[in-house]
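# A structural walkthrough
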Amino acid sequence: MGVIVENGGVLTTVQDIGRFGYEQYGLSTSGPMDQRAFQTANVLVGNDPNEAALEITLLGPTLRFTSPAVIAVTGADLSLRVNGESAETYRALAMKAGDTVSFGAPVSGCRAYMAFAGGLDIPQVLGSRSTLPRFKIGGYQGRRLEKGDELPLRSTVASLPNLARRRLEAPAIESGPRTVRVILGPQDDRFTEQGIADFLCGTYTVGKDFDRMGYRLEGPVVAHKTDGNIISDGIAIGSVQVPSDGHPIIMMADHQTVGGYTKIATVITVDLPVIGQSKAGDQIRFEKVSVDEAQQLYADWRRELAALQQQMEAPEPVGRTYRVQVNGQTFTIQVEEC
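Rules and cut-offs
- Residues numbered from 1 in each chain as written.
- Predicted model: local features only at pLDDT ≥ 70, side-chain atom pairs only at ≥ 80, totals over all residues.
- Heavy atoms only, no water.
- Core = buried A, V, L, I, M, F, W, Y, C linked by side-chain atoms within 4.5 Å.
- Buried < 20%, exposed > 50% of the residue type's maximum accessible area, 1.4 Å probe, protein only.
- Helix = DSSP H or I, 4+ residues; strand = E, 2+ residues; numbered from the N terminus.
- Contact = heavy atoms within 4.5 Å.
- Salt bridge = Lys/Arg side-chain N within 4 Å of Asp/Glu carboxyl O.

### Quick word on the nonpolar core
Within the largest apolar cluster, 45 residues are counted, with the highest numbers of intra-cluster contacts made by Val180, Phe199, Tyr215, Leu217, Ile250, Ile264 and Phe286. Residue contributions to this core peak at five residues, all from helix H1 (residues 35–44). For Ile250, the residues in contact, after removing those within four places along its chain, are Met213, Gly214, Tyr215, Leu217, Gly238, Ser239, Val240, Val267, Ile275 and Phe286. Grouped together as the second largest cluster of nonpolar side chains are 28 residues, Phe65, Leu78, Leu93 and Met114 included.

Below, the structure is given as structure tokens:
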């Protein structure tokens with residue numbers, strides 16, 4: 001009752017919302033690189049938004065179902081296919097035993113998410129099912145998926161209420177420079193005024209060194225007043241470190257928990273998905289916002305997610321037909337009732 005991996009793809013891992021409370025022991029939180037797409041996939045299949053799903057990077061896996069299931073794929077457009085035929089993302093899809101899901105060439109974005117109605121039957125490690133390959137914990141045996149792996153499902157779900165309505169328009173992923181909003185600090189006082197201006201006005205390119213730990217950027221050098229070294233302190237997801245060479249590095253889901261480089265800014269939560277969907281060659285620009293603005297944007301995001309959940313679970317409207325006479329003419333109207 002589940003899924004057999006026929007091809008693991010480049011990097012396919014199990015991720016839930018993350019592993020919290022263990023950073024003092026050197027364990028990063030992990031979790032999805034694009035939380036918005038991850039949670040949307042879960043809502044489309046009727047799960048808790050934070051349920052474990054698959055994170056698929058660039059070249060996706062081939063999966064064969066051994067039992068009925070309902071899935072949804074969101075995030076990057078990686079040319080989703082069901083039984084060899086092109087299939088829609090951002091909608092719930094009913095799978096039968098024997099069906100296969102695969103991916104073709106990447107079209108846009110970097111990471112896709114596949115959620116399964118009812119969830120994956122994967123044990124929790126320290127309160128989370130997220131994979132942290134550096135420490136070989138969580139997910140499926142603490143590693144990326146490989147050919148021959150078997151992913152069990154917690155329940156067999158052949159269909160869902162409102163299945164046809166469980167669909168959304170896939171959001172566009174920007175093709176030009178992407179704007180990422182940041183809050184300056186905590187060590188912005190270690191940079192020159194010109195250095196901060198260059199950071200906020202320049203255009204940066206994602207270099208070849210990017211992964212779930214961090215993104216190294218190429219572009220205008222950010223000037224320090226002295227150098228980029230500090231006494232090591234804590235790092236949060238989205239922290240923008242600037243070593244002495246002046247090239248920014250954005251810390252992401254599997255980041256180290258402490259570091260000794262100056263941090264000029266932190267990417268706000270709602271814009272972390274922009275980084276998570278970027279790959280080598282993509283361009284990024286930074287825009288300064290306040291803490292209040294960041295909190296308001298996050299609150300708006302949470303309200304959007306709650307509204308989406310209500311929309312997916314709302315009863316199917318029932319239609320009634322009425323005949324109405326107006327000026328001797330008869331009209332038929334359809335009225336939807338919930």
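### Details of the pattern of salt bridges
Inspection of every chain in the model, using the stated rule, returns 18 salt bridges. The salt bridge involving Glu51 is made with Arg129; its shortest N-O contact spans 4.0 Å. Note that Glu51 is positioned in the loop between H1 and strand S3 (53–57) and Arg129 in the loop between strand S10 (108–116) and strand S11 (150–152), a separation of 78 residues in sequence. Assessed through its relative accessible area of 12%, Glu51 is described here as buried. Close ionic contact of Arg167 with Glu88 constitutes a salt bridge, the shortest N to O distance being 2.9 Å. Taken together, the positions of Arg167 in the loop between S11 and strand S12 (178–184) and Glu88 in the loop between strand S7 (85–86) and strand S8 (93–95) put the pair 79 residues apart, joining distant regions of the chain. Of the residues examined, Arg167 reaches a relative accessible area of 38% and is grouped as partly exposed. We classify Glu88 as partly exposed; its relative accessible area is 38%. The network of salt bridges with shared partners includes Glu51, Arg129 and Arg154.

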